[in-house]
Amino acid sequence: MRKQIAAANWKMNLTLPQAEQLVKELLATSYQLDENRRVVLGVPFPYLTAIGSRLDQTKYFDVAAQNCADKKSGAFTGETSVEMLKSIQVPYVIIGHSERREYFNETHAMLATKVDLALEYGLQPIFCCGEPLAIREAGTQNSFVETQLKESLFHLSAEQVQGFIIAYEPIWAIGTGKTASSNQAQEMHAHIRKVITGQYGKEVSDSVSILYGGSVKASNASELFEKPDVDGGLVGGASLVATEFSAIINALKKP
Ligand code: 13P
């Protein structure tokens, strides 16, 4: 079974005391987790160490950075390199979130470089893709997402794509309360898997976890996660509320 993952993206929210309180509340609930059912918390850079060490006592919770630089090191004020993340034992990094693409002008090529750097240093990227509303309305979302994958991932070897994590996040569903229906999510996830099969073969594509993101809540998580190609979620707003995110974790597919 490929990995099922409940991933939180806190974005630019919470002070450190609030973050610690949230983690304390999350860890007070019991979950059925194992090697293949995991939780990843995408926390702001300044909290990676504090929250990461708080999670050390738990086996299946990890932190993720929400971004990384597309340069190795040097005079890039304000940037955080993958090597720095590696040096503080951060195992995951979110790459290509639509907010980064839109507000920080991140291009396909920059994202390809970030993915390469993450893999070079042994971090697992959580690579985001997804179409804006106008593309969905025009009905061209499949080719739009396909281009995002091809341009930033398809230079990788099959070995590098084995066990990869992709998050499909339709932009029109992010923070809008307007979730894609479970059928819309399944349709796009199946398309993504088909595109990966075309490039790398079925064995590799079957190993890739494809998370859905966009207004995932406790009330819709089970319906989304039970779809065959939906391997969990990348959750924004609802991940800031312990009871909501705990229920989302518990909605992960059982083996
Ligand atoms: P919301 O869950 O708030 O819609 O955000 C989704 C998201 O962008 C996760 O990366």
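You'll find the structure just up there.
Computed from a predicted structure; not experimentally measured.

## Quick notes on the site of the ligand
Next up, step 1: Lining the immediate surroundings of the ligand are 13 residues, of which Lys 11, His 97, Gly 175, Ser 215 and Gly 237 lie closest.
Next up, step 2: Separating an oxygen atom of the ligand from a side-chain N or O atom of Asn 9 is a distance of 3.0 Å.
Next up, step 3: Taking 310 Å² as the accessible area of the ligand by itself, protein coverage stands at 95%.
Next up, step 4: Within the shell around the ligand, the residues separate by chemical class into 4 nonpolar, 7 polar and 2 charged.

## Considering the pattern of salt bridges
Next up, step 1: For the structure shown, the criterion picks out 15 salt bridges.
Next up, step 2: One salt bridge in this structure joins Arg 2 and Asp 231, with 2.9 Å as the shortest N-O distance. Here Arg 2, found in the segment before β1 (4-9), pairs with Asp 231, found in the loop between α11 (218-225) and β8 (232-235); they are 229 residues apart in sequence, far enough to count as distant.
Next up, step 3: Overall, Arg 2 belongs to the buried group, its relative accessible area being 18%.
Next up, step 4: The partner of Arg 136 in a salt bridge is Glu 131, with the nearest N and O atoms 2.9 Å apart. Take Arg 136 and Glu 131: they sit in the same class, and that class is buried.
Next up, step 5: Among the charged side chains, a salt-bridge network with shared partners connects Arg 2, Arg 193, Asp 229 and Asp 231.

## Looking at the pairing of β8
Next up, step 1: By the alternation rule, side chains of β8 split into Gly 232 and Leu 234 and Gly 233 and Val 235, which are all buried.
Next up, step 2: Pairing between β1 and β8: 4 bridges, direction parallel. Across the sheet, the residue bridging to Ile 5 is Gly 232, located in β8.
Next up, step 3: Strand direction decides the pairing type here: strand β7 (residues 209-213) and β8, joined by 2 bridges, are parallel. In the strand pairing of β8, Gly 213 is matched with Leu 234.
Next up, step 4: The β-α-β motif built from β7, the intervening α11 and the parallel element β8 has right-handed crossover chirality.

Cut-offs applied
- Counting starts from 1 at the beginning of each chain's written sequence and moves along it residue by residue.
- With pLDDT at 70 or above as the cut-off, local features in this predicted model cover only qualifying residues; side-chain atom pairs require 80 or more to be listed or tallied, and sums for whole chains, interfaces and linings still use all residues.
- Based on all heavy atoms of the structure, the side-chain values leave hydrogens and waters out of the count.
- When we say a residue is near a molecule or strand, we mean one of its heavy atoms is within 4 Å of it.
- What qualifies as a polar contact is a pair of N or O atoms within 3.5 Å, subject to a donor-acceptor requirement within protein and to the restriction that residues adjacent in sequence count only when both atoms come from side chains.
- Here, Shrake-Rupley sampling with a 1.4 Å probe gives the accessible areas, and only protein chains in the shown set may cover a residue.
- Residues are grouped as follows: Ala, Val, Leu, Ile, Met, Phe, Trp, Tyr, Cys and Pro are nonpolar; Asp, Glu, Lys and Arg are charged; every other residue, Gly included, is polar.
- For salt bridges, the criterion is a side-chain nitrogen of Lys or Arg within 4 Å of an Asp or Glu carboxyl oxygen.
- Secondary structure elements are taken from DSSP: a helix is a run of H or I of four residues or more, a strand is a run of E of two residues or more, and numbering for both begins at the N terminus.
- Each residue is placed in one exposure class: buried if its accessible area under a 1.4 Å probe, protein chains only, is under 20% of its type's maximum, exposed if it is over 50%, and partly exposed if it falls in between.
- Paired strands are those between which DSSP finds at least two bridges.
- By convention, a crossover is right-handed whenever its connection, traced from the first strand over the helix to the second and viewed with the strands pointing away, goes clockwise.

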